[in-house]
Amino acid sequence: MKLAAFLLIFGFAFGMGTEVTSSINPQTQTTTAQASSRVSASQAKKIAKINAGLSKNQKAAKNWIARHESGYSYTARNGNCYGRYQLLRAYLHGNYSPVNQEKAANRYVSGRYGTWTHAKHFWQAHHWY
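Reading guide: rules and limits
- Residues numbered from 1 in each chain as written.
- Predicted model: local features only at pLDDT ≥ 70, side-chain atom pairs only at ≥ 80, totals over all residues.
- Heavy atoms only, no water.
- Helix = DSSP H or I, 4+ residues; strand = E, 2+ residues; numbered from the N terminus.
- Contact = heavy atoms within 4.5 Å.
- Areas by Shrake-Rupley, 256 points an atom, 1.4 Å probe, with all protein chains shown as cover.
- Pairing = 2+ DSSP bridges.
- Axes fitted to C-alpha atoms, helices over the stretch in contact; angles between N-to-C directions.
- Parallel < 35°, antiparallel > 145°, perpendicular 65-115°, else oblique.
- Nonpolar A, V, L, I, M, F, W, Y, C, P; charged D, E, K, R; others polar.
- Left-handed = near helix turned anticlockwise from the far one by under 90°.
- Salt bridge = Lys/Arg side-chain N within 4 Å of Asp/Glu carboxyl O.
- Buried < 20%, exposed > 50% of the residue type's maximum accessible area, 1.4 Å probe, protein only.

### Some remarks on the overall build of the chain
Then, in step 1: Within the chain, the regular secondary structure consists of seven helices and three strands.
Then, in step 2: Restricting to contacts in the chain with at least 6 residues of sequence separation, those with at least 24 account for 40%.
Then, in step 3: Surface summary for the chain: the accessible area is close to 8,600 Å², and the carbon and sulfur share equals 60%.

Following this line, the structure appears as structure tokens:
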């Protein structure tokens with residue numbers, strides 16, 4: 001019971017602190033996933049072309065991985081991993097653009113798993129791919 005009360009008070013205090021911070025600087029309200037999910041029309045066309053050869057199931061598996069790895073963010077960071085598919089930075093060769101991330105992710109999955117559905121099954125078993 002004491003632990004629950006402590007957690008409730010701690011959660012309330014943390015929530016109040018973030019609310020005050022948000023009201024001081026409202027421009028920071030956009031989350032990383034929202035800000036990075038925007039791609040130009042030109043990039044969107046290139047990405048559509050890159051993924052055109054994937055079946056509906058493969059696209060669904062690729063999107064599932066993107067959601068679980070980064071919340072669809074092209075700018076997500078975790079140690080030496082970067083982007084929507086949390087690839088090692090070395091795979092991206094210094095080009096962190098959404099278009100290059102899509103190409104590199106397809107190459108990585110094709111080489112390691114063969115298909116996005118196989119990569120998804122591996123992720124579900126190991127919580128990484």
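From this point, the narrative continues.
### Section: the sheet that holds strand β1 (residues 77-78)
Then, in step 1: If you trace the three strands from one edge of the open sheet to the other, you get β1-β2-β3, paired in antiparallel fashion. Lying at the two open borders of the sheet, with one neighbouring strand each, are β1 and β3 (87-88).

### Quick notes on the packing of helix α3 (residues 41-51) against helix α6 (residues 98-112)
Then, in step 1: The N-to-C vectors of α3 and α6 enclose an angle of 10 degrees; their axes lie 9 Å apart at closest approach. Relative to α6, α3 is oriented roughly parallel. On the side of α3, the interface is formed by Q43, K46, I47, I50 and N51, while α6 contributes P98, V99, E102, K103 and N106.
Then, in step 2: The class makeup of the residues in the contact of α3 with α6 is four nonpolar, three polar and three charged.

### Topic: the packing of helix α4 (residues 56-70) against helix α7 (residues 116-126)
Helices that pack against each other are described as a pair by the angle of their axes relative to one another and the distance between those axes.
Then, in step 1: Their axes nearest at 8 Å, the elements α4 and α7 cross at an angle of 35 degrees. At the point where α4 passes α7, the crossing takes the left-handed sense. The segment α4 lies against α7, with N57, Q58, A61, K62, W64, I65, H68 and E69 engaging W116, T117, A119, K120, W123 and Q124.
Then, in step 2: Residue composition of the contact of α4 with α7, grouped by class: six nonpolar, five polar and three charged.

### Notes on the pattern of salt bridges
Then, in step 1: This structure, assessed with the given rule, holds two salt bridges.
Then, in step 2: E102 is the salt-bridge partner of K62, the closest N and O atoms lying 2.6 Å from each other. Placement of K62 in helix α4 and of E102 in helix α6 is noted, with a sequence separation of 40 residues between them. A single burial state applies to K62 and to E102, both of which are buried.
Then, in step 3: The shortest N-O distance in the salt bridge between R84 and E102 comes to 3.7 Å. Residue R84 is located in the loop between β2 (81-82) and β3, and its partner E102 is located in helix α6; the two are separated by 18 residues in the primary sequence.
Then, in step 4: Look at R84 and you get buried, because its relative accessible area is 13%.
Then, in step 5: Residue E102 is classed as buried on the basis of its relative accessible area, which comes to 1%.
Then, in step 6: It is possible to trace a salt-bridge network through shared partners that takes in K62, R84 and E102.

Keep in mind that these numbers describe shape and distance, not what the molecule does.
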